[in-house]
Amino acid sequence: MANILCIGAGHVGGPTMAVIAKNCPQHRVVVVDINEAKIAAWQSDQLPIYEPGLDEVIRCARDRNLFFSTEVNRNIVEADIIFVSVNTPTKTFGQGAGKAADLQYWEKTARQILENSTSPKIVVEKSTLPVRTAQAMERILNSNDKGLHFDVVSNPEFLAEGTAIRDMEHPDRVLIGARETPSGQRAIQVIVDIYAQWVPRERIITTNLWSGELSKLAANAFLAQRISSINAISALCEKTEADVAEVAHAIGTDSRIGPRFLRASVGFGGSCFKKDILNLVYLCECYSLYEVAAYWEQVVKMNEYQEARFVSNMVSAMFNTIAGKRITLFGAAFKAHTGDTRESPALAVCRALLEERAKVIITDPYALDNARADLGDAAGQVVFEPDPYVAAKDAHAIAILTEWPHFAELDYRAIQESMVKPAFIFDGRNILDHEKLHAMGFNVYVIGKPPLTHFSNGSHIER
Ligand code: NAD
Ligand code: UGA
């Protein structure tokens, strides 16, 4: 039996530890956080995050071998293995502001582990970190005069929100990096043995420490790059009457390219893609690899362009003015099946529409509270309405910003009848039946496809 501790009970710490506890009943797993409200929520029936399947896993393990607590110091004393899953946001101040990772929470945790340890431990980097962070951690932890040795292991997390439990239960791979020393290799084996309880051994990849750290940043950069690539092509499709869904299918059937992550959209969101790419850009700049930095930075710039392009297409389609018009946003979450609104394109679009003095109404099944909080001062100018039919009533336009499946199943005839005419729909996720909507009377604008309108001013294609 091992005492496993996880510091940080967020989107990663909570679900990952719940899955470990469920699959390793012989181990005791404690998840701690400084945020008391969050820990209280993990102990209750109203979990702090929405994630399909999470309730069942929590119900299975909580109070059996899974515990949530705010007592960080006491739990450090008892732990054999400590996963650190604190947030590593983009730095907003000083050197590297706007790009580098802010490691203050991570370093504070390392010092807290050092202060409270009375036995050697394995410290696992679960947070996403710049490559070679482990070296700094080793230096802090092994600077002690208690004669204690700490092994630092990199075990980055690849789960995606909305599918976190499935991704954890059936991962494509688990990655574990450590020093190539006897002690590092013993530590790697301890972590391998935990995952091997439910993950086939051939899916557990072991690497050196730096490859472990860098692979996480590289994986997110490659995933985001695919979205920016297809979004770049979507802009050209709109100018040429090519259809981006057909292009994505045509290129995705090449087995060397593959079909996934080629859905053109209003842009990628989420707490990590932008922050991790900017972190990668900063690292490259620090090593004077300016061309490499510029290459990856373009992925983020293309995403910002796509969001801005979506809004300017809305304005120009609606006769170059949206001031005073009611615009209903279907979706606030950065993707379906999550309540998370961090870096959500929906909120970027909302802010841009408010700047144009539109009246914005947002509907979403799970993300309205987070949207209200994330919009800050701007939230006062927005109406938050859980019922999409009520939200769309008297609107001039609807914009689909999150691909919630039920948005495709609404009664759009009834919605169209309740709207101001001419009624517009802007599908930022390509999830609706556009021909059908057009036949109902909507003017339909889609990412990467020619618009379907009822205006008689000829083709929208400019050559
Ligand atoms: P989060 O903000 O949801 O959770 C982090 C938690 O750490 C917060 O609850 C915070 O209160 C807590 N914390 C901060 N300092 C602490 C301290 N000193 N002691 C105790 N608790 C402390 O963040 P997250 O989304 O879970 O991400 C955590 C890390 O995992 C980040 O590095 C992120 O890049 C990475 N990651 C996130 C995802 C994802 O889908 N969200 C996926 C893979 C990797
Ligand atoms: C992403 C990665 O997929 C995870 O592997 C990684 O662990 C995680 O980041 C992280 O490090 O935080 P996540 O951000 O939760 O996971 O969600 P994704 O499914 O990757 O979607 C990210 C964004 O891209 C969403 O806004 C989504 O709508 C958008 N997207 C995705 C597209 O616009 N098109 C696509 O084809 C796919």
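Only a predicted model underlies this, so the values are computations on that prediction, with no experimental measurement involved.

Draft legend 1. View of the side chain of Ser85. By secondary structure assignment, the location of Ser85 is in the loop between strand 4 (81-84) and helix 5 (104-116). Ser85 sits in the buried class, given a relative accessible area of 11%. Within polar-contact distance, the side chain of Ser85 engages the backbone nitrogen of Gly13 at 3.3 Å. The residues touching Ser85, leaving out its near neighbours within four places in the chain, are Cys6, Ile7, Gly8, Val12, Gly13, Lys126 and Ser127.

Draft legend 2. Representation of the site of ligand 2 in the model. Surveying the vicinity of ligand 2 reveals 21 residues, the closest of which are Phe158, Leu159, Ser265, Phe334 and Arg429. A distance of 2.7 Å separates an oxygen atom of ligand 2 from a polar backbone atom of Phe334. Between ligand 2 and Lys335 there is a distance of 2.8 Å, counted from an oxygen atom to a side-chain nitrogen or oxygen. Protein contacts shield 92% of the accessible area of ligand 2, which totals 700 Å² for the unbound molecule. Broken down by element, the shell around ligand 2 gets its largest block of residues, 4 residues, from helix 9 (residues 209-240).

Draft legend 3. Summary view of helix 10 (residues 244-252). Listed in full, the buried residues belonging to helix 10 are Val244, Ala248 and Gly252. Looking straight down helix 10, one finds its buried side chains confined to an arc of 65°; they lie on one side. Relative to its buried face, helix 10 has exposed residues pointing more than 90 degrees away, namely Glu246, His249 and Ala250. Check the buried side of helix 10 and you find it contacts helix 9.

Draft legend 4. Structural detail: the sheet that holds strand 10 (residues 359-363). As summarised here, the arrangement of the 6 strands in space is 11-10-9-12-13-14, forming an open sheet in which the pairing is parallel. Taken across any chain shown, the strands that pair with only one partner, and hence form the sheet edges, are strand 11 (382-384) and strand 14 (443-446). Across the sheet, the axes of successive neighbouring strands diverge by a mean angle of 20°, strand direction being ignored. Pairing between strand 12 (residues 397-400) and strand 13 (residues 424-427): 4 bridges, direction parallel. Directly across from Ile398, in strand 13, lies its bridge partner Ile425. Those strands touched by helix 12 (residues 290-317) are strand 9 (326-330), strand 12, strand 13 and strand 14, and its axis lies near 165° from that of strand 13.

Draft legend 5. Quick peek at the pairing of strand 4. Side chains of strand 4 alternate between two faces, with Ile81 and Phe83 and Ile82 and Val84 buried alike. Pairing of strand 4 with strand 5 (residues 121-125) involves 4 bridges; the strand directions are parallel. Along strand 5, the bridge assignment pairs Ile82 with Val123. Read as a crossover between parallel neighbours, the route from strand 4 over helix 5 to strand 5 is right-handed.

Draft legend 6. Examining the confidence of the model for the protein more closely. Of all residues in the protein, 98% attain a pLDDT of 70 or more, and the chain-wide mean is 96. Across residues 458-463, confidence stays below pLDDT 50; counting only partners more than four residues off in sequence or on other chains, it has 8 contacts.

Draft legend 7. Region of interest: helix 5. End to end, helix 5 covers 18 Å across 13 residues, agreeing with the expected 18 Å (1.5 Å per residue, within 8%). The inward-facing, buried residues of helix 5 contact strand 1 (3-7), helix 4 (72-78), strand 4, strand 5, helix 6 (133-141) and strand 6 (150-154).

Draft legend 8. Just the nonpolar core, in detail. Counting 62 residues, the largest nonpolar core has Leu353, Ile362, Tyr412, Phe426 and Phe442 as its most contacted members. The element best represented in this core is helix 13 (residues 345-355), accounting for 6 residues. Not counting chain neighbours up to four residues away, the residues in contact with Tyr412 comprise Phe330, Ile400, Phe407, Ile425, Leu432, Leu437, Met440 and Phe442. In terms of nonpolar packing, the next biggest core, distinct from the first, is built from 43 residues, Ala2, Leu54, Phe68 and Ile81 among them.

Draft legend 9. Representation of the packing of helix 13 against helix 14 (residues 368-375) within the structure. Axis separation between helix 13 and helix 14 bottoms out at 11 Å; the angle between their running directions is 50°. On the basis of the axis angle, helix 13 is oblique to helix 14. Here helix 13 runs over helix 14; the crossing is right-handed. Only Ala371, Asp374 and Leu375 of helix 14 make contact with helix 13, whose side of the interface consists of Leu347, Cys350 and Arg351. Looking at side-chain class alone, the contact of helix 13 with helix 14 contains 4 nonpolar, no polar and 2 charged residues.

Draft legend 10. Region of interest: the environment of Arg62. Relative to the helices and strands, Arg62 is located in the loop between helix 3 (54-61) and strand 3 (66-69). It is 19 Å that separates the C-alpha atoms of Arg62 and Trp198, two residues lying 136 residues apart in sequence. Those residues in contact with Arg62, other than ones at most four positions away along the chain, are Trp42, Gln43, Ser44, Asp45, Leu47 and Phe68. Among the polar contacts listed, one links the side chain of Arg62 to the backbone oxygen of Ser44, at a separation of 2.9 Å.

What counts, and at which threshold
- Residues numbered from 1 in each chain as written.
- Chains lettered and ligands numbered in written order.
- Predicted model: local features only at pLDDT ≥ 70, side-chain atom pairs only at ≥ 80, totals over all residues.
- Heavy atoms only, no water.
- Helix = DSSP H or I, 4+ residues; strand = E, 2+ residues; numbered from the N terminus.
- Buried < 20%, exposed > 50% of the residue type's maximum accessible area, 1.4 Å probe, protein only.
- Polar contact = N/O pair within 3.5 Å; in protein donor to acceptor, adjacent residues only side chain to side chain.
- Contact = heavy atoms within 4.5 Å.
- Near = heavy atom within 4 Å.
- Areas by Shrake-Rupley, 256 points an atom, 1.4 Å probe, with all protein chains shown as cover.
- Arc of directions from axis to C-beta.
- Pairing = 2+ DSSP bridges.
- Axes fitted to C-alpha atoms, helices over the stretch in contact; angles between N-to-C directions.
- Right-handed = clockwise from strand over helix to strand, strands pointing away.
- pLDDT = per-residue confidence, 0-100.
- Expected span 1.5 Å × (residues − 1).
- Core = buried A, V, L, I, M, F, W, Y, C linked by side-chain atoms within 4.5 Å.
- Parallel < 35°, antiparallel > 145°, perpendicular 65-115°, else oblique.
- Left-handed = near helix turned anticlockwise from the far one by under 90°.
- Nonpolar A, V, L, I, M, F, W, Y, C, P; charged D, E, K, R; others polar.

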